[in-house]
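Read off the chains here:
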Amino acid sequence: MLKVKGLCYRLLQSRKATTCALPSDPSSTSASSDHRSRCLSLILNLRRRGLVDSAREVIRRVIAGCSSTSEANLVAEFAANNGIELDSCCCGALIRKLTEMGQPESAEAFYNQRVLGNGIVPDSSVLNSMVLCLVKLRRFDEGRACLDRVLSSGYVPSNESCSLVVNELCNQGQYLEAYLYFEQVKARGGGLRLWCCKRLFKGLCGHGYLDEAVGMLDTLCEMTGMPLPVNLYKSLYYGFCNRGCAAEAEALFDHMEADGYFVDKVMYTCLMKEYSKGNDMRMAMGLYLRMVEKGCELDTYIFNTLIHGFVKLGVLDKGRVMFSQMMKKGVRLNVFTYHIMIGSYCREGNIDYALRLFENSSEVEEISRNVHCYTNLISAFHKKGGLDKALGLLMRMLDNGVVPDHITYFVLLKMLPKYHELKYAMVILQAIVDNGCGVNPQVIDDLENIEVKVESLLEEVAGKNAKLAAKGLAVVTTALCSQRNFAAALSRIKKMVSLGCTPLPFSYNSVIKCLFEEGLIEDLGSLFNHIQEWGFVPDPDTYLIVVNELCKNNDIDAAFAVVDVMEEIGLRPTVAIYSSIIGSLGRLGRVVEAEETFARMLESGIQPDEIAYMIMINAFARNARINEANELVEEVVRLFVRPSSFTYTVLISGFVKTGMIEKGCQYLDKMVEDGLSPNVVLYTSLIGHFLKKGDFKFSFTLFGLMGENEVKHDHVAYITLLSGLWRAVARKRQVFVEPGQEKLLRRLLQTNSVALVPSSVCNYRSKSFAMEVIEKVKTSVVPNLYLHNAIITGYCAAGRLDEAYNHLHSMQKEGVLPNQVTFTILMKAHIKAGDVESAIALFEDSDCEPDRVMYSTLLKGLCKSERPRDALALMVEMQKDGVYPNRDSYETLLQCLCYSRLTMEAVKVVKDMGALGFWPRSISPT
């Protein structure tokens, strides 16, 4: 008994030495001392009676109630002095108490010496306490291993230990692993602290793990005994919005209102934005009307969201109605508002109004320095054939100190002649340095070593402004990729990353596209590994590029695999991705699969835009599914109120191409009724169709009708006409006049008189007529490279090679460099004339890298000239360059070798064909 009183006195002394937040109450201290004294006496009595387990339970409770580590250690010492071995529960309590009181090192030492050293098998109590101890010691992996031992042993883990592990996993961003612990602990009958549950729930919502977050809802409601708190509702709501789950977000939205929570304007706007992104403008407008009904204040962001949604969808009329509503309600217009509206008028071809809107926006000062508005206008002027106005606007932009970006440069590339991409990049970079970095760079007139100078400018920008450096890098990368210089573009990105610049996704996407254009698809995986190490995360545009390139190669299965990967990682495929696949399936005649893909897109909650509908209609029309095409047309009219010029062009052209001119005329009438005039795209499409049919007279009549209706001929129209003319001269096919052509002409002319063509046009097979057309084209428009190639084709078709070469030299003087197509045209002409030596010389002297067509043209020429060994040597050279002949070229070479009795060489070619999956036709050696 004296020992007990002495220990109680020591415990009291130690308690007086500890700090306390509140002044100690003498009466409470005395009561506590008396209670502890009785507990220690009880421990001794229980031991004397042989009830050791009961004594240990009292020891555990006393340790848990100690207010300091010294008290807890004294209790453990008291037990040892009285012959009571501490069991795992008592050890666990002491380890926990030492850890909680800030001595995890002492707790670990006790565990090693008194638990493991005495051969005590740790149970859930010890392991749970060691989880707390190890986490406090910042040895999380060991603490997590202890918790795993608890779970694997079938014990119920403590709430505290589980919460600490889950919280640390959340700190590391490992929310799925944290949720797995939540599920395991719940299955064992345990749980997490409420604060930890909330932390995990918000993390799951914020990182898109919405199914797991929904799985926690019942547990959270059970823990609180109340409906879900509003902040957790919002976390789940914004999670749905960010992942594109608009329907689920709206269902939660309604549930919140039913529970009496106030749904604020930000939540309305967030959901509206999500519907607009998914092209579901009907639901977006429904939310807008609910906001109006509830008296919410309508701001600029709300109107901009709706206007942008309608314009993106192609419903320009409704976008302009919302713009008018915005102005009537006195809502402030900002730069983005003008950017959307200017873009919508440019898209429709109403450039004059777009320019007036741009110049009269005096209430928004920033508009005059907005690069996006300038870029939209520059692009629109160029598309309309106003190159001088486009360049004038570009110079005005630069003079006003507006910093150009990579999109401006991309538009510039389309406007100006090819093969000067780095020079144009130099102009943009100088403007960035001058206007963006506040430095006046030295004007570089000497264009030697231009790559070095461009790199120097880029590094100068990187030293001044990292964001502008990223734009400059996108410009340079685009320039190098336009020149097919994949290695240099990738090297430039690597160099800028090393300088601390974060490249834009546009730069990476340019390199990926270039990889496809170079035919290096097998290197895509290693490229992704490289650029992901530099911090690149593929975005929807990246996947769109990959899908587009795969569809160009007719690799539809691989394109579907990309869509599956996107869905697996939680990234929603865009309507453009689905449209690319549907269009490719339609071109391949796989219309049933195209229809299934369209249905899959709808089932995924992705609303088709006008272009997607047109692609599906075109697929139906190409494959004679006219009824289905008509049904979709009516749906387009219902959804878009007034179809755009693009929609009518696709419809009319599609019906005419399938022989349904009458139906095409009906939509032509509707187009005119809607105030839209047939444009150059429609005329060009019709001209190309009738040229393929061999009806040159009618095609030329349409071409003349464009001038009468004041539709300006663009480069594509001239190229289409010339290409069709050369095909007609070469093939001399019989003309087939389709019924309904006269009616189509009347609709286009909008009068009852039919346009006639001169009688001389009927003699279109004559070479003199071909030369006459070429001269008219040359005096009517400044040719671009493609039109130059069409003109050279005409000279070659007429047998005037000297004039073809004169034209080649003339275009080079104008700064237009020939490409592989140019040399291929001339080589074919030499081969056709029996002059294969000139074709060889042209091939060897050309400045551009030969492509498959160039190689194949020369290979066939050598075979035609009965030079099989030279043809075989050329094929070997092709393969060394990584270029392989197509099936047709292989067949030609194989036939030549067989006729020349070169059996062994022919066998080798057959093996090469088999390796590529080509199987030769049966050829007689005679």
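Per-chain numbering applies: the sequence of each chain, read as written, is numbered from 1 onward. Residues qualify for local features only when their pLDDT is at least 70, as the model is predicted, and side-chain atom pairs are given and counted only at 80 or more; totals for whole chains, interfaces and linings, by contrast, use all residues. With hydrogens and water set aside, each side-chain value is computed from the structure's full complement of heavy atoms.

(A) Structural detail: the overall build of the protein. Along the backbone of the protein there are 51 helices and 0 strands. Across the 926 residues in the protein, those meeting the buried criterion constitute 49%. By the criteria applied, helices consist of DSSP H or I runs no shorter than four residues and strands consist of E runs no shorter than two, each listed in order from the N terminus. Buried residues are those whose accessible area, probed at 1.4 Å on protein chains only, stays under 20% of the maximum for their type, while exposed residues exceed 50% and partly exposed ones sit between those limits.

(B) Fine view of a negative patch on the surface. Taken together, the side chains of E844, D845, D847, E849, E877 and D881 make up a negatively charged region of the molecular surface. Positionally, E844 belongs in helix α47 (residues 836-845). Judged by relative accessible area, E844 falls into the exposed class, the value being 60%. Any residue with relative accessible area above 30% and no salt bridge may belong to a patch, with like charges joined within 9 Å and the nonpolar Val, Leu, Ile, Met, Phe, Trp and Tyr side chains within 5 Å. Accessible surface is estimated by sampling points in the Shrake-Rupley manner with a 1.4 Å probe; for residues, cover comes only from the protein chains shown. Think of a salt bridge as a Lys or Arg side-chain nitrogen and an Asp or Glu carboxyl oxygen that are within 4 Å of each other. Counting rule applied: Lys, Arg positive; Asp, Glu negative; His and chain ends not counted. By convention, the charge on Lys lies at NZ, on Arg at CZ, on Asp at CG and on Glu at CD.

(C) Examining the state of the cysteines more closely. Here, a disulfide means two cysteine sulfur atoms that sit within 2.5 Å of each other. What the rule picks out here adds up to 0 disulfides. Not engaged in a disulfide, the cysteine C270 finds its nearest cysteine sulfur in C241; these two sulfurs lie 3.7 Å apart. Just so you know, C896 is unpaired, no disulfide at all, and the nearest cysteine sulfur is the one on C863, 4.2 Å from it.

(D) Just the environment of A109, in detail. Structurally, A109 is set in helix α6 (residues 104-116). Judged by its relative accessible area of 30%, A109 falls in the partly exposed class. Between the C-alpha atom of A109 and that of I95, which follows or precedes it by 14 residues, the distance is 9.4 Å.

(E) Quick peek at the side chain of N304. Tracing the sequence through the fold places N304 in helix α18 (residues 300-313). Excluding residues within four positions of it along the chain, N304 makes contact with M326, N334, F336, T337 and I340. The contact definition used throughout considers only heavy atoms, calling two residues in contact when any of these lie within 4.5 Å.

(F) Quick peek at the nonpolar core. Formed by 296 residues in total, the largest nonpolar core has its most connected members in L200 and I512. Those residues in contact with I512, other than ones at most four positions away along the chain, are L524, L527, F528, I531, F536, T542, I545 and V546. As used here, the term nonpolar core means buried Ala, Val, Leu, Ile, Met, Phe, Trp, Tyr and Cys residues forming a set that is joined through side-chain atoms within 4.5 Å.

(G) Molecular detail of the packing of helix α29 (residues 505-517) against helix α31 (residues 540-552). In the contact formed by α29 and α31, the axes pass within 10 Å of each other and the chain directions differ by 10°. Looking at the two axes, α29 sits roughly parallel to α31. Two secondary-structure elements touch here, α29 through N509, I512, K513 and F516 and α31 through D541, T542, I545, V546, E549, L550 and K552. Only Asp, Glu, Lys and Arg are considered charged, only Ala, Val, Leu, Ile, Met, Phe, Trp, Tyr, Cys and Pro nonpolar, and every remaining residue, Gly among them, polar. Counted by class, the contact of α29 with α31 contains 5 nonpolar, 2 polar and 4 charged residues. A fitted line through C-alpha atoms serves as each axis, taken over the contacting stretch for helices, and the angle formed by two N-to-C directions is quoted from 0 to 180°. Throughout this description, any angle smaller than 35 degrees is read as roughly parallel, any larger than 145 degrees as roughly antiparallel, any in the 65 to 115 degree range as roughly perpendicular, and the remainder as oblique.

(H) Spotlight on the pattern of salt bridges. Taken as a whole and assessed by the stated rule, the structure comprises 23 salt bridges. Among the salt bridges present, the one from E250 reaches R290, with a minimum N-O distance of 3.2 Å. In this pair, E250 is assigned in helix α15 (residues 246-258) and R290 in helix α17 (residues 281-294), connecting sequence segments 40 residues apart. Judged by its relative accessible area of 13%, E250 falls in the buried class. In this structure, K495 engages E455 in a salt bridge whose closest nitrogen and oxygen atoms are separated by 3.3 Å. A residue pair is termed long-range when its members are at least 10 positions apart, and K495 in helix α28 (residues 486-498) and E455 in helix α26 (residues 450-464) qualify at 40 residues. Look at K495 and you get partly exposed, because its relative accessible area is 32%. Within the structure, one salt-bridge network assembled from shared partners comprises E455, E459, R492 and K495.

(I) Region of interest: a positive patch on the surface. On the surface, R587, R622, K657 and K692 cluster together into a patch of positive charge. Topologically, R587 is positioned in helix α33 (residues 575-587). Take R587: its relative accessible area is 52%, and that puts it in the exposed class.

(J) Local environment of the environment of K552. Within the secondary structure layout, K552 lies in helix α31. You can call K552 exposed: its relative accessible area is 55%. As for K552 and S584, which are separated by 32 residues in sequence, their C-alpha atoms are 7.4 Å apart.

(K) Here's a closer look at helix α35 (residues 610-622). Working rule for helices: expected span equals 1.5 Å times residues minus one. The end-to-end C-alpha distance of α35, which contains 13 residues, comes to 18 Å, matching closely the 18 Å that a straight helix rising 1.5 Å per residue would cover. By the burial criterion, the buried members of α35 are E610, A612, Y613, M614, M616, I617, A619, F620 and A621. Among the residues trailing α35, A624 stands out with phi positive, at a value near 60°.

(L) Spatial organisation of the confidence of the model for the protein. pLDDT expresses, on a scale from 0 to 100, how confident the predictor is about each individual residue. In this model, the protein carries an average pLDDT of 78, and 87% of its residues clear a pLDDT of 70 or more. Taken element by element, the protein is modelled with least confidence in helix α1 (residues 2-17), mean pLDDT 39, and with most confidence in α33, mean pLDDT 91. Scored below 50 in pLDDT, residues 1-29 makes 27 contacts in the model with residues more than four places away or belonging to other chains. Taken together, the stretch residues 438-447 has pLDDT below 50 and engages in 18 contacts with residues farther than four places along the chain or on a different chain.

(M) Focus on helix α32 (residues 556-568). Given a rise of 1.5 Å per residue, 13 residues ought to cover 18 Å, and the 19 Å separating the end C-alpha atoms of α32 matches this to within 8%. Within the sequence span of α32, burial applies to I556, A559, F560, V562, V563 and M566. Here the buried residues of α32 occupy an arc of 150° about the axis, which is enough to place them on one side. Facing away from the buried side of α32 by more than 90 degrees, the exposed set consists of D557 and E568. Elements in contact with the buried residues of α32: α31, α33 and α34 (591-603). Where α32 terminates, the next one or two residues include G570, which has phi positive at roughly 85°. Here the arc refers to the set of directions running from the helix axis out to each C-beta atom.

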